[in-house]
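Observations on the model geometry
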Amino acid sequence: EDEDEEAGRKRRVLVPLEYDDEDVTMGEASASATSDMNPEERVRQIKELIDSIPSSEQELWSWPVKWEEVDDTLLNEKLKPFISKKVLEILGTEEEEFVGFILDFVRRRQSPQTITEELEMTLDTEALVFVMKLWRALIFET
């Protein structure tokens, strides 16, 4: 009975804000302003940038994405590996077609709400968390 009651309620998914070294250094190439800094200053500045990106759903969705900076290079060299890694973590298998499907939504500048709705069929409760991480990465890279 409790399971039926829980299934009927929509739960808000909390997004953990954990970054490993790969996530922190993901945008180093695009952060050209930091190229003349020593490594410690660069890491500090990148962490400050990460901290400045909102983590709540409402703030994140309303954050302006610099779409003019989103090109095939950014999609293929930055976002595709990020998406592939997260899809592998969630599904336990590499899904190139699914990764391409997600990248296509970003390429067409779809809203994060639209992407979340489309991915819920495959990722279920993980969809919101995934799209929030994707949107944070997109904001970070632009």
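Everything numeric in this text was worked out from a predicted model, so none of it was measured. (Residues numbered from 1 in each chain as written. Predicted model: local features only at pLDDT ≥ 70, side-chain atom pairs only at ≥ 80, totals over all residues. Heavy atoms only, no water.)

**Thoughts on the packing of aromatic side chains**
Pairs of aromatic rings are described using the distance from one ring centre to the other and the angle between the two planes. A complete count under the given rule lists 4 aromatic pairs for this structure. With a centroid separation of 6.0 Å and an interplanar angle of 65 degrees, the aromatic rings of W67 and W135 are classed as edge-to-face. Of this pair, W67 sits in the loop between α4 (57-62) and α5 (72-91) while W135 is found in helix α8 (residues 126-141), placing the two residues 68 residues apart along the sequence. Considered together, W67 and W135 belong to a single accessibility category, that of buried residues. Ring geometry for F98 against F101: centres 6.3 Å apart, planes inclined by 20 degrees, an arrangement best described as stacked. A residue pair is termed a helical-turn pair when its members lie 3 or 4 positions apart in one helix, as F98 and F101 do in helix α6 (residues 96-107) at 3 residues. Members of the aromatic cluster, connected to one another through ring pairs, are W61, W67 and W135. R108 extends its terminal NZ or CZ atom over the ring of F105, reaching a point 5.0 Å from the ring centre. (Phe/Tyr/Trp six-rings, centres within 6.5 Å; stacked < 30°, edge-to-face > 60°. Helix = DSSP H or I, 4+ residues; strand = E, 2+ residues; numbered from the N terminus. Buried < 20%, exposed > 50% of the residue type's maximum accessible area, 1.4 Å probe, protein only. Lys NZ or Arg CZ within 6 Å of the ring centre and 35° of its normal.)

**Considerations on the pattern of salt bridges**
Here the structure, examined in full by the defined rule, presents 4 salt bridges. The salt bridge involving E89 is made with K86; its shortest N-O contact spans 3.8 Å. Of the two residues, E89 and K86 are both situated in helix α5; the distance of 3 residues between them amounts to about one turn of the helix. Of the charged contacts in the structure, one is a salt bridge between D104 and R108, with a shortest N-O distance of 3.2 Å. (Salt bridge = Lys/Arg side-chain N within 4 Å of Asp/Glu carboxyl O.)

**Things to note about the nonpolar core**
L79, I83, L119, F130, W135 and L138 are the most contacted members of the largest nonpolar core, which has 32 residues in total. Among the elements that take part in this core, α8 stands out by supplying 11 residues, more than any other. Other than its neighbours up to four places away in sequence, F130 contacts I83, K86, V87, I90, I102, L119 and L123. (Core = buried A, V, L, I, M, F, W, Y, C linked by side-chain atoms within 4.5 Å. Contact = heavy atoms within 4.5 Å.)

**Section: a negative patch on the surface**
On the surface, E117, E118, E120, D124 and E126 cluster together into a negatively charged patch. By residue number, the principal contributor to the negative patch is helix α7 (residues 112-123), which donates 3 residues. Assignment of secondary structure puts E118 in helix α7. When its relative accessible area of 35% is taken as the criterion, E118 is described as partly exposed. (Patch = residues over 30% accessible without salt bridge, like charges linked within 9 Å, V, L, I, M, F, W, Y side chains within 5 Å. Areas by Shrake-Rupley, 256 points an atom, 1.4 Å probe, with all protein chains shown as cover. Lys, Arg positive; Asp, Glu negative; His and termini not counted. Charge placed at Lys NZ, Arg CZ, Asp CG, Glu CD.)

**Re unusual backbone geometry**
Residues other than glycine predominantly adopt negative phi, and peptide bonds predominantly adopt the trans conformation. Within the chain, R109 stands out as a residue other than glycine whose phi angle is a positive 60 degrees. Of note, R109 is situated in the loop between α6 and α7. Phi at D124 is positive, roughly 55 degrees, even though this residue is not glycine. Structurally, D124 is set in the loop between α7 and α8.

These results come straight from atomic positions and should not be treated as a statement about function.
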